[in-house]
Amino acid sequence: MSLEKFQPKTIDLKALAAYDSLARARAILDVEDSLKQTGFLLMTGIYGNSQSQISSKELEALKTLSEKFFSLEERIKEKYVHIGSGGEDGYTAFATEAGVDPVTGEKGIPEPKEFYQLRLAPAKINGVRKIEEVPQLTYLMFQIQNALQINSRLLIEAVAEILDKPKDYFQRLDRLEEGNFENSVLRNIHYPAETLPKVQNVYQNFLDAGKVAYRAAPHKDINRITTLLLAQSSRGLQIKPQKSPEFIDVELNGADAVGNTGELLEIMSGGLFQATLHQVVAYGNSPSSRYSFPFFDHPVNLEDQGLPLLVSGQKHREFYKNSFVEIYGQETFNQLNESEMEEIGNGPTQILYKDALLNRLVDIGNFPASDPIAQKPWRDQKPRKAFVLER
């Protein structure tokens, strides 16, 4: 079988920004086809000098400042661990996060990476986020984060139109007009040189468990849409679309960045858009660090922020119901009355964003066993009602 058809399409973000144009209509068709077929797409138009673009000088500075931060002593970096965030803000130490086995659902081997993460917030940078030793990194990450949010919004607007919604549907669902701020995240990932003993030790853990060694094991992203900036190249990044018999290398072919569907959008589309497995393979002897900068588009973190089902059809309703059971458990689903089961995803009975996010963060080991969140308390109660956006 030829694997060429599983290569993501390239989307020009400048075309998506040209509202009411033929170029935008064509770009939206490409977004739809690429996300349905592969769950991934390639992007051009991110680099430049406008407000929505990132200059090559900024990308180089981001890499240089990241090297300074990750070379700090561990005791210094640990000052920036944000306790209780589940790795969604602040620093996460080397070999802490683990993937989830896509077949068994079990937690995998902790991976040979560390990262520093910033959540979009009002302009004021609080003491937890600001890195005293490398303050320029914090400010530069916020600057790049804001540019990526603009680009991510172009993609999410395209997705809304593909789903026959107004292009501002997700902004209204997030109630940004009420003064809520964006909840999206920029992650700064450092994969240390493979020749280091601590990396070789992690690789040995994979081998001892009868697995292939990875820099990042096969996984899906949790969020709605991801935009991935690569500091060097896409070498090592592989994807496995649902119909592909094997993982395939991602070739940038002149593109600026990589985009992909996350599990939240997969749920909201009833599986129409696939959250695709991807991985970063180990080469075993690379003497250089690898840096990558994924931007994760998330809903606003409100108590009643739900994940509505945005498509019709029995297949998509079944996908949504199965996702509900995975997060809340069969017993919780059985507590729903007949009308709640019937309207699941369409009325106030929805998967809540916080519950979906925390469920996955627990699965990948980002909460210690001693934390009450690790016990998944949302599985023992009837789900709260979600906000429903008036059509």
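Overview of the structure. Given the structure is predicted, the values throughout are model-derived calculations rather than measurements.

Cut-offs and rules
Residues numbered from 1 in each chain as written. Predicted model: local features only at pLDDT ≥ 70, side-chain atom pairs only at ≥ 80, totals over all residues. Heavy atoms only, no water. Helix = DSSP H or I, 4+ residues; strand = E, 2+ residues; numbered from the N terminus. Rg over C-alpha atoms; globule rule 2.2 N^0.38 Å. Buried < 20%, exposed > 50% of the residue type's maximum accessible area, 1.4 Å probe, protein only. Contact = heavy atoms within 4.5 Å. Areas by Shrake-Rupley, 256 points an atom, 1.4 Å probe, with all protein chains shown as cover. Lys, Arg positive; Asp, Glu negative; His and termini not counted. Charge placed at Lys NZ, Arg CZ, Asp CG, Glu CD. Pairing = 2+ DSSP bridges. Axes fitted to C-alpha atoms, helices over the stretch in contact; angles between N-to-C directions. Salt bridge = Lys/Arg side-chain N within 4 Å of Asp/Glu carboxyl O. Polar contact = N/O pair within 3.5 Å; in protein donor to acceptor, adjacent residues only side chain to side chain.

Regarding the overall build of the chain
And step 1. Looking only at helices and strands, one finds twelve helices and 16 strands in the chain.
And step 2. Since a compact globule built from 391 residues should have a radius of gyration of about 21 Å, the 20 Å found for the chain is in line with a globular shape.
And step 3. Out of the 391 residues in the chain, the part that is buried amounts to 56%.
And step 4. Considering only contacts within the chain whose residues lie at least 6 apart along the sequence, 76% involve residues at least 24 apart.
And step 5. Here the chain displays about 17,000 Å² of accessible surface, and carbon together with sulfur accounts for 50% of that area.
And step 6. Computed over 44 positive and 53 negative side-chain charges, the inter-centroid distance for the chain is 2 Å.

Section: the pairing of strand β13 (residues 277-281)
And step 1. Burial of β13 is extensive: five of the five residues sit out of reach of the surface.
And step 2. Along β13, one buried face is formed by Leu 277, Gln 279 and Val 281 and the opposite face, lined by His 278 and Val 280, is buried too.
And step 3. Sheet analysis places strand β8 (residues 214-219) next to β13, joined by three bridges and oriented antiparallel. Looking at the pairing, Ala 216 lines up with Val 280 of β13.
And step 4. One ladder, built from four bridges, connects strand β10 (residues 237-240) with β13; its direction is antiparallel. The residue of β13 that forms the bridge with Lys 240 is Leu 277.

Structural notes on the environment of Glu 263
And step 1. Relative to the helices and strands, Glu 263 resides in helix α8 (residues 263-268).
And step 2. Excluding residues within four positions of it along the chain, Glu 263 makes contact with Lys 220, Asp 221, Ile 222, Asn 223, Ala 275 and Arg 360.

A word on the sheet that holds strand β9 (residues 225-230)
Strand pairing in a sheet takes place through backbone hydrogen bonds and is either antiparallel or parallel in direction.
And step 1. Read across the open sheet, the eight strands follow the order β1-β2-β12-β9-β14-β7-β6-β3; overall the sheet is mixed. The sheet is open, and its two edges are formed by β1 (10-12) and β3 (90-92), each paired on a single side. Averaged over all neighbouring strand pairs, the angle between strand axes comes to 25°, with direction disregarded.

Quick notes on the pattern of salt bridges
And step 1. Enumeration according to the criterion identifies 26 salt bridges in this entry.
And step 2. Linked through salt bridges whose partners overlap, the residues forming this network are Glu 263, Glu 326, Arg 360, Asp 363 and Lys 376.

Remarks on the side chain of Gln 53
And step 1. When you line up the elements, Gln 53 lands in the loop between β2 (40-44) and α3 (56-70).
And step 2. Within polar-contact distance, the side chain of Gln 53 engages the backbone oxygen of Gly 45 at 3.1 Å.
And step 3. A distance of 3.3 Å separates a polar side-chain atom of Gln 53 from the backbone oxygen of Tyr 47.
And step 4. Ignoring anything within four residues of it in the chain, the contact list for Gln 53 reads Gly 45, Ile 46, Tyr 47, Gly 48, Glu 58 and Ala 147.

Geometric values such as these leave the question of function open.
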